[in-house]
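Residue strings, one per chain:
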Amino acid sequence: MFARTFSGVPRTIHIARKQNSPSWTQNATVVHQRLLSSSRKVMKLVSTRIDDQGVALVTFENPDKLNAMTEEMGSDFQTAIESLKKKPRGEVRAVVITGAGRAFSAGGDMKFLKDRTESDALSNAETMRAFYERFLCVRSLDVPTIAAINGHAIGAGLCVACACDIRVCATTAKMGWTFVGLGLHPGMAATHFTPQIIGHQQAARWLLTGDTFTGDEAVAMGLVVEATESERVVPRALELADTIARQGGDAVRTLTRTLRVQQDAGLQSAISREADCQGHNYASPDMLEGLAAIREKRKPRFSARL
């Protein structure tokens, strides 16, 4: 049982199957082991597995850098998604996205962000728009997607999770749209999906403060459907995907598209504005200060005022 907020009204939701019950653990383990025994396609920064029930697992594979997002990782991710789309109809019925190691993704790579401060606003806007599209291609899959947030999901990393249809997270995961603390307008469709998922007021609270939150808080605000121990996040997400994969394929595909119709309305306009705003932010002294603060592990001292 957990508390969840809809339109600002707390409601109590009862989960029929408890996470620590023997049936939950057994089912999740079976699905996980079945997928691990399947063939694995590995690019440099992203790997893909598909089991015999049509459940695919796509993993960010740069744990030493907490799966920080680079253009190269985005290209690998885009290639992985395109390869899944090219599979014969019915071979892929649900997709789980996760990160290797102790993080889902720590967000944009610091070198990539620093390089943006050395370019002009127009070029940066174009670069950021292309950067978003590499990761937001997950929306082009016509099957349900589940983000298994196994660890920290920060900034653009959390945005990729929000672009998925369902999210499961670790109770200990640190999450947040921390862009403003860097002196940067949110990007990667943060301003589009966040209000739709948790409501306008909650989105404003978290986006404008850049505060981070835990898995339990993510459940309470309706950002994720479940929070569990970190080692159970991927097995639980795979179990949900397996349940979906066993339903009528055409019904699931058409329903997935139906659910996204309203959600995707205005998406392109939102990411265009985000890219333009970020393009200008990179030229601000605040951006340099934000990057320096991260590098020096201190709080930023911004000079620009509203």
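Preceding this section is the structure that the text describes.
About the criteria used
Residues numbered from 1 in each chain as written. Predicted model: local features only at pLDDT ≥ 70, side-chain atom pairs only at ≥ 80, totals over all residues. Heavy atoms only, no water. Helix = DSSP H or I, 4+ residues; strand = E, 2+ residues; numbered from the N terminus. Buried < 20%, exposed > 50% of the residue type's maximum accessible area, 1.4 Å probe, protein only. Contact = heavy atoms within 4.5 Å. Areas by Shrake-Rupley, 256 points an atom, 1.4 Å probe, with all protein chains shown as cover. Pairing = 2+ DSSP bridges. Salt bridge = Lys/Arg side-chain N within 4 Å of Asp/Glu carboxyl O.

Caption draft 1: Region of the structure containing the overall build of the protein chain. Summing up its helical and strand segments, the protein chain has 12 helices and 12 strands in all. Counting across all 306 residues of the protein chain, residues that qualify as buried make up 52%. Sequence-distant contacts, at least 24 apart, represent 71% of the contacts inside the protein chain between residues at least 6 apart. Surface summary for the protein chain: the accessible area is close to 14,300 Å², and the carbon and sulfur share equals 53%.

Caption draft 2: Structural detail: the sheet that holds strand β7 (residues 103-105). One open sheet accounts for 3 strands, arranged β7-β9-β11; its pairing is parallel. The sheet terminates laterally at β7 and β11 (175-176), the two strands that pair on one side only. With 2 bridges joining them, strand β9 (residues 152-154) and β11 adopt parallel strand pairing. In the strand pairing of β11, I154 is matched with G176.

Caption draft 3: Broad picture of the pairing of strand β8 (residues 145-149). In terms of residue burial, β8 counts as a mostly covered element, since 5 of its 5 residues are buried. Along β8, one buried face is formed by T145, A147 and I149 and the opposite face, lined by I146 and A148, is buried too. Across 3 bridges, strand β6 (residues 94-99) lies against β8 in parallel orientation. Looking across to β8, one finds that I97 is bridged to A147. Across 4 bridges, β8 lies against strand β10 (residues 166-170) in parallel orientation. Its bridge partner being in β10, I146 is matched across the sheet by I166.

Caption draft 4: Fine view of the pattern of salt bridges. Throughout the structure, instances matching the rule amount to 17 salt bridges. Where R257 meets D142, a salt bridge forms, and the shortest distance between an N and an O atom there is 3.9 Å. Remark: D142 occurs in the loop between α4 (121-136) and β8 and R257 occurs in helix α10 (residues 249-264); sequence separation between them is 115 residues. We classify R257 as partly exposed; its relative accessible area is 41%.

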